[in-house]
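Single-letter residue listing:
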Amino acid sequence: MNQTLSKIERAKTEKLALLSLPKEGLTDIPNEVFELEHLTNLNLRDNDILSIPREISRLKNLKVLYLDGNNIKKLPEEIFELSNLEILNIDNNNLKSLPDNIGSSRRLKRLHISQNDLTELPKTIGDLSNLEHLYGHSNRILNLPKEVGHLEKLTHLNFFNNQLQSLDFDLSQLAELEYLELGFNEIERLSSTIGKLGKLKTLSLFDNKLKTVPEELNSLKELTKLNLSYNNLNQISFDLNSMKALAELHIFANKELKIKQLDILELCNRTPNYPTHSRLIIDQTQGSLIESYRRRIESSKIGIVDLDRRRMPEDHYKQIPIELSVRYKLTDPRLEKFRMLREKRK
């Protein structure tokens, strides 16, 4: 504690803009911190803090606040009254809800609320007019409020590993959105307005309950990567003349999937963000989908997941999300080879 107090005293004496107190074993925030009204950055991550006192409101110049990795169960409304706050990270706590005045923090650009115990978000989250990054993965959220669709400056939206049942509200105002991560949910329906996301580059919808996807996906001219693995899709139809940037498509683990439209040759001639990545990833039961193309396509451009043997493609280069490989116990052939070599050397 003496070391902590000396850091606070130094910040006070030298009027430092940053006070960093990670991994100090704190169970509460020392009162002396709230005297540092000149602070712009406060790092309290990875402690054992249980609550945030209302005195946080005294830090009116605060722009960056890290509270991730604590044991906070409830946030005071005063946090969202910090009018200069731009980045708030409260990942990995024990929050069950967020204050209704969350929308008051109009300068907020990045909000991290992942790995908590949230089941819903306040509707006022839609008032965060400058928000660019919203991360809420690994909670228990059932539905995103339609007001999320009002976040016009949002570029990253990540609610991976929740319990979302649908995404059927109007998305057309999310004109700046580039990354939409919704894997590991229970989504059955997607809004047709997803086709209005003109800047979307990555769309991850793996391990959901989708039976169909809107034909409006064909309007996504900037989309480079689409992951639809582990769903219940029975048919896909993608027009690559319209989807001009699509260079990586995951469709494995969709039983009885049929391709109504997809120029596989054109897809395999494209270059993904990582040139060594496979352009198309299927599973061993879907071989008939590419049978007529086998002699005209380099084998490395199509990855085949063996679901029976639980093996990923040889050269997948981390294309398959590690969380997905862990959940379904998919092994990496390269790692298996390294393991066997190590055992032989022993």
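Engineer: Tell me about the environment of Asp 283, and please be specific about residues and values.
Structural biologist: Within the secondary structure layout, Asp 283 lies in strand β16 (residues 280-283). With a relative accessible area of 2%, Asp 283 lands in the buried category. When the C-alpha atoms of Asp 283 and Phe 206 are compared, they prove to be 14 Å apart, with 77 residues separating the residues in sequence. Those residues in contact with Asp 283 that lie beyond four places of it in its chain are Phe 252, Ala 253, Asn 254, Ile 304, Val 305 and Leu 307.

Engineer: Outline helix α1 (residues 2-13), listing residues and values.
Structural biologist: For α1, spanning twelve residues, the distance from its first C-alpha to its last is 16 Å, which sits close to the expected 16 Å at 1.5 Å a residue. If you check which residues of α1 are buried, you get Thr 4, Ile 8 and Ala 11. Each buried residue of α1 sits inside an arc of 60° when the element is viewed along its axis, so together they form one side. What points out from α1, more than 90 degrees from its buried face, is the exposed set Asn 2, Gln 3 and Thr 13.

Engineer: Describe the pattern of salt bridges, listing the residues and the values that go with them.
Structural biologist: Taken as a whole and assessed by the stated rule, the structure comprises 15 salt bridges. Here Asp 117 ties to Arg 140 by a salt bridge, and the two come within 2.7 Å at their closest N and O atoms. Highlighted residues: Asp 117 in the loop between β5 (110-112) and β6 (133-135) and Arg 140 in the loop between β6 and β7 (156-158), separated in sequence by 23 residues. Of the residues examined, Arg 140 reaches a relative accessible area of 37% and is grouped as partly exposed. Between Lys 201 and Glu 178 there is a salt bridge, with its nearest N and O atoms 3.8 Å apart. Residue Lys 201 is located in the loop between β10 (189-190) and β11 (202-204), and its partner Glu 178 is located in the loop between β8 (166-167) and β9 (179-181); the two are separated by 23 residues in the primary sequence. The class for Lys 201 is partly exposed, based on a relative accessible area of 33%. Taken together, the shared-partner salt bridges connect Lys 96, Asp 117 and Arg 140 into one network.

Engineer: Quick rundown of the pairing of β16? Include the residues and the values.
Structural biologist: Across the two faces of β16 the burial is the same, with Leu 280 and Ile 282 and Ile 281 and Asp 283 all buried. Relative to β16, strand β14 (residues 248-250) runs parallel, the two sharing two bridges. Paired with His 250 across the strands is Ile 281, a residue of β16. Bridge count between β16 and strand β17 (residues 302-305): four bridges; the pairing is parallel. If you follow Asp 283 over to β17, its bridge partner there is Val 305.

Engineer: Can you lay out the environment of Arg 10 for me, pointing to particular residues and giving the numbers?
Structural biologist: By secondary structure assignment, the location of Arg 10 is in helix α1. Look past the residues within four positions of Arg 10 in its chain and what remains in contact with it is Lys 15 and Leu 16.

Engineer: Can you tell me about the nonpolar core, naming the residues and giving the values?
Structural biologist: One broad rule of soluble globular proteins: the nonpolar side chains tend to lie buried together. Counting residues in hydrophobic clusters, the biggest one holds 88 residues, and the most contacted among them are Ile 79, Leu 88, Leu 111, Leu 134, Leu 180 and Phe 238. Sort the elements by how many residues they give to this core and helix α2 (residues 264-268) lands first, with three residues.

Cut-off values and rules
Residues numbered from 1 in each chain as written. Predicted model: local features only at pLDDT ≥ 70, side-chain atom pairs only at ≥ 80, totals over all residues. Heavy atoms only, no water. Helix = DSSP H or I, 4+ residues; strand = E, 2+ residues; numbered from the N terminus. Buried < 20%, exposed > 50% of the residue type's maximum accessible area, 1.4 Å probe, protein only. Contact = heavy atoms within 4.5 Å. Expected span 1.5 Å × (residues − 1). Arc of directions from axis to C-beta. Salt bridge = Lys/Arg side-chain N within 4 Å of Asp/Glu carboxyl O. Pairing = 2+ DSSP bridges. Core = buried A, V, L, I, M, F, W, Y, C linked by side-chain atoms within 4.5 Å.

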